[in-house]
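Here's the letter readout for the chains.
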Amino acid sequence: MIVNLSLATSLKVLRFLFCSTLLIALVIGCQDNKAILKESEKHLAAGTPQAAAEGLEAFIETAPEEPKARFLLGKAYNALGRYNDAVEQLRRASQLYAAQPEERIAARLELARTYLRFGDRTSAFRVLRLVQRSTSDPETLREIIELVGDSYRTKRLTDGDSDNYSPTFSPDGTQIAFASFRTDNGEIYLMDLNGRIRRRVTFTTDFNDSSPTFLTTPNYLFYSSEPKASREVKVVIQSSGSTPIYAGFNLTHIHSKITRAVLPVSFGARVPRASPAGDQVVYESNTDGNLELYLLDLEGVDLAQLTPESIKHKRITFNETDDGSPTFFPDGKRILFVSSRNEVNQLYTIGIDGQNETHFNPNRYDCYNPTVSPDGKTIAYVSARDGDWEIYLIDADGKNERRITNDIGRSIQPAFSPDGRQLVFVSDRSDTFHIYLMSFDEPVTREDLVQRLQ
């Protein structure tokens, strides 16, 4: 059958076919765009920012007004250390997101992080003031707080020009034992929660004493001691099995000052941590060639008559890489520690019998100095990311990671109070290592944030 179409009808048909083809092309184009952006997000999550950057750079040449592409490219440049390029992309993303307030906030927060990475706090605070004024969302305000200071009220306990380090709470929570270089060597002192010195515990002029830990038997402190090699303090974040360690353990009665050797310096033992019951001590040592974890059993031992021969110790880990910085879980049956597998220091757990080892927090960042809250629900640790060492909290199930310190300088060596309501830590934010006390009962408020941003 032959059908004759009028000119008008033919034009309508052609117009319909053109519009249909254009619509199909637009749909396919949108699908391709989404696929490219999704692939870039996968690269960023997998720690391959170069691949993400290359794909996004090509994408932006064809779609320069796509804000998400600019935002993701800014994140990729940040991961590559190209901070000036990141600033350019994130500024543009923020402009293009003008009609999308939530996305604009995310771009501005990333822009502020970028400024902070290369020390431009003035520009970072300017951007964060814009974000703070534009939102009342608690989660966003918490992110801003994390970027501009500690998340909770914090006070400095020590003063002076000498380094102070290795803080730990007494079992009743009323005192803090710590090491200080206020003499010509490291000695251990006790202070109250206001920073008032109660007493000096050790008097070993030729040794540096550090890492005190309380035993349940009243008035005994267990600590590490190493020969004084110089007048400078060494605050160890993570020991290395390739570096010789000349340190052993001593036990001192707080009041009588009677000191007993537990392990000789030749043992290369550091970072002792007592179990919740106070009858076991876990520590690191490289006496067998590389850094491994060991357990000291003090159950049934009369500390007043202790000799090195009266205690038993056993090796817990057997790995080719270094395992160190151990601490107990509240049940006394598991240990949290740091291991340098895959060239990144990460957190691992293991039973005190050496069984059931697990990788606790897989990520691409170095992590150090772990400690577990008394209720076992929260872990505090130091993470080296964004060009700084700060303290983070994470739930015991590996979720809900959040940074709680952020100041000029490094924040390290966290320790929970016995009731879990406070955290003591060390920071050199005042050029000297001092001890700070953070209260979880006093979170930073919006009013505090406004003052900080001024």
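Since the model is a prediction, treat every value here as computed from it, not as a measurement.

Participant: Is there a simple way to explain the overall build of the protein in this structure?
Facilitator: Along the protein, the regular secondary structure elements total eight helices and 24 strands. Relative to the globule expectation of 22 Å for 454 residues, the C-alpha radius of gyration of the protein, 28 Å, shows a markedly less compact shape. Structurally, the protein occupies a C-alpha span of about 115 × 50 × 35 Å along its principal axes. In the protein, which comprises 454 residues, the share counted as buried stands at 49%. Across the protein, the fraction of contacts at a sequence separation of at least 24, relative to all contacts at a separation of at least 6, is 46%.

Participant: Quick question: what am I supposed to make of the packing of aromatic side chains here?
Facilitator: Given two aromatic rings, one states the distance between the centres and the angle between the planes to describe the pair. A complete count under the given rule lists 12 aromatic pairs for this structure. Where Tyr152 meets Phe440, the ring centres are 5.2 Å apart and the plane angle is 85°; that geometry is what we call edge-to-face. With Tyr152 in strand E1 (residues 152–156) and Phe440 in strand E24 (residues 434–443), this pair connects stretches of sequence that are 288 residues apart. Classification of Phe440 by relative accessible area gives buried; the value is 18%. Ring plane angle 55° and centroid distance 6.3 Å describe the contact between Tyr368 and Trp389, whose orientation is recorded as tilted. Highlighted residues: Tyr368 in strand E18 (residues 366–372) and Trp389 in strand E20 (residues 388–395), separated in sequence by 21 residues. Judged by relative accessible area, Tyr368 falls into the buried class, the value being 10%. You can call Trp389 partly exposed: its relative accessible area is 27%. Linked through ring pairs, Phe222, Phe249, Tyr283 and Tyr294 together constitute an aromatic cluster. Between Arg334 and the ring centre of Phe329, over which it is positioned, the NZ or CZ distance is 3.9 Å. Its end group placed over the ring of Tyr348, Arg341 keeps NZ or CZ at 4.4 Å from the ring centre.

Participant: What is the right way to look at the sheet that holds strand E2 (residues 164–169) in this model?
Facilitator: Adjacent strands of a sheet form backbone hydrogen bonds with each other and so pair up, either parallel or antiparallel. Spatially, four strands are ordered E2-E3-E4-E5 in an open sheet, and the strand pairing comes out antiparallel. A strand with exactly one partner marks an edge of an open sheet, and here the two such strands are E2 and strand E5 (197–200). Across the sheet, the mean angle from the axis of one strand to that of its neighbour is 25°, orientation sign disregarded. Here strand E4 (residues 187–192) pairs with E5 via three bridges, running antiparallel.

Participant: What exactly am I supposed to notice about helix H3 (residues 67–80) here?
Facilitator: Residues spaced three or four apart along an α-helix face the same direction, because each turn holds 3.6 residues. Across its 14 residues, H3 extends 20 Å between first and last C-alpha, which sits within 8% of the 20 Å expected from 1.5 Å per residue. Those residues of H3 that sit buried are Pro67, Ala69, Arg70, Phe71, Leu72, Leu73, Gly74, Ala76, Tyr77 and Asn78. Backbone nitrogen of Lys68 and a side-chain oxygen of the N-cap are separated by 3.0 Å at the start of H3; the cap is Glu66. Just downstream of H3, Gly81 is the residue with a positive phi angle, here 80°.

Participant: Honestly, the sheet that holds E18 in this entry has me stumped. Any pointers?
Facilitator: Pairing is antiparallel in the open sheet, where four strands are placed in the order E18-E19-E20-E21. Both edges of this open sheet fall to E18 and strand E21 (402–403), since each of them pairs with a single strand only.

Participant: I keep staring at the pattern of salt bridges and nothing clicks. Help me out?
Facilitator: Note that side chains of opposite charge can pair when their charged atoms are close. For the coordinates displayed, the defined rule picks out 23 salt bridges. Two residues, Glu65 and Arg92, come together in a salt bridge whose shortest N-O distance is 3.0 Å. One end of the pair, Glu65, is in the loop between helix H2 (49–62) and H3; the other, Arg92, is in helix H4 (residues 83–96), with 27 residues separating them in the sequence. In this structure, Arg196 engages Asp192 in a salt bridge whose closest nitrogen and oxygen atoms are separated by 3.1 Å. For Arg196, a relative accessible area of 53% gives the class exposed. When salt bridges that share partners are traced, they join Glu110, Arg113, Arg117 and Glu143 into one network.

Participant: Would you mind showing me how to read the side chain of Ser427 here?
Facilitator: Among the secondary structure elements, Ser427 is positioned in strand E23 (residues 422–427). Under the relative-accessibility criterion, Ser427 is labelled buried at 0%. At a separation of 2.9 Å, a polar atom in the side chain of Ser427 contacts the main-chain carbonyl oxygen of Arg410. Ignoring sequence-local partners within four residues, the contact set of Ser427 consists of Arg410, Ser411, Thr432, Phe433, His434 and Tyr436.

Participant: Is there a simple way to explain the environment of Leu157 in this structure?
Facilitator: Inspection of the secondary structure assignment puts Leu157 in the loop between E1 and E2. Sequence spacing of Leu157 and Ile197 is 40 residues, and the spatial spacing of their C-alpha atoms is 9.8 Å. For Leu157, the residues in contact, after removing those within four places along its chain, are Ile176, Met191, Leu193, Asn194, Gly195, Ile435, Tyr436 and Leu437.

Participant: What should I look at first to understand the packing of helix H6 (residues 121–134) against helix H8 (residues 446–453) in this one?
Facilitator: Contact pair H6 / H8: the axes reach a minimum separation of 10 Å and the direction vectors enclose 150°. For the element pair H6 / H8, the angle class is roughly antiparallel. For the element pair H6 and H8, the recorded crossing hand is left-handed. In contact with Phe125, Leu128, Arg129 and Gln132 of H6, H8 contributes Arg446, Leu449, Val450, Arg452 and Leu453. Considering only residue class, the contact of H6 with H8 consists of five nonpolar, one polar and three charged.

Analysis parameters
- Residues numbered from 1 in each chain as written.
- Predicted model: local features only at pLDDT ≥ 70, side-chain atom pairs only at ≥ 80, totals over all residues.
- Heavy atoms only, no water.
- Helix = DSSP H or I, 4+ residues; strand = E, 2+ residues; numbered from the N terminus.
- Rg over C-alpha atoms; globule rule 2.2 N^0.38 Å.
- Buried < 20%, exposed > 50% of the residue type's maximum accessible area, 1.4 Å probe, protein only.
- Contact = heavy atoms within 4.5 Å.
- Phe/Tyr/Trp six-rings, centres within 6.5 Å; stacked < 30°, edge-to-face > 60°.
- Lys NZ or Arg CZ within 6 Å of the ring centre and 35° of its normal.
- Pairing = 2+ DSSP bridges.
- Axes fitted to C-alpha atoms, helices over the stretch in contact; angles between N-to-C directions.
- Expected span 1.5 Å × (residues − 1).
- Polar contact = N/O pair within 3.5 Å; in protein donor to acceptor, adjacent residues only side chain to side chain.
- Salt bridge = Lys/Arg side-chain N within 4 Å of Asp/Glu carboxyl O.
- Parallel < 35°, antiparallel > 145°, perpendicular 65-115°, else oblique.
- Left-handed = near helix turned anticlockwise from the far one by under 90°.
- Nonpolar A, V, L, I, M, F, W, Y, C, P; charged D, E, K, R; others polar.

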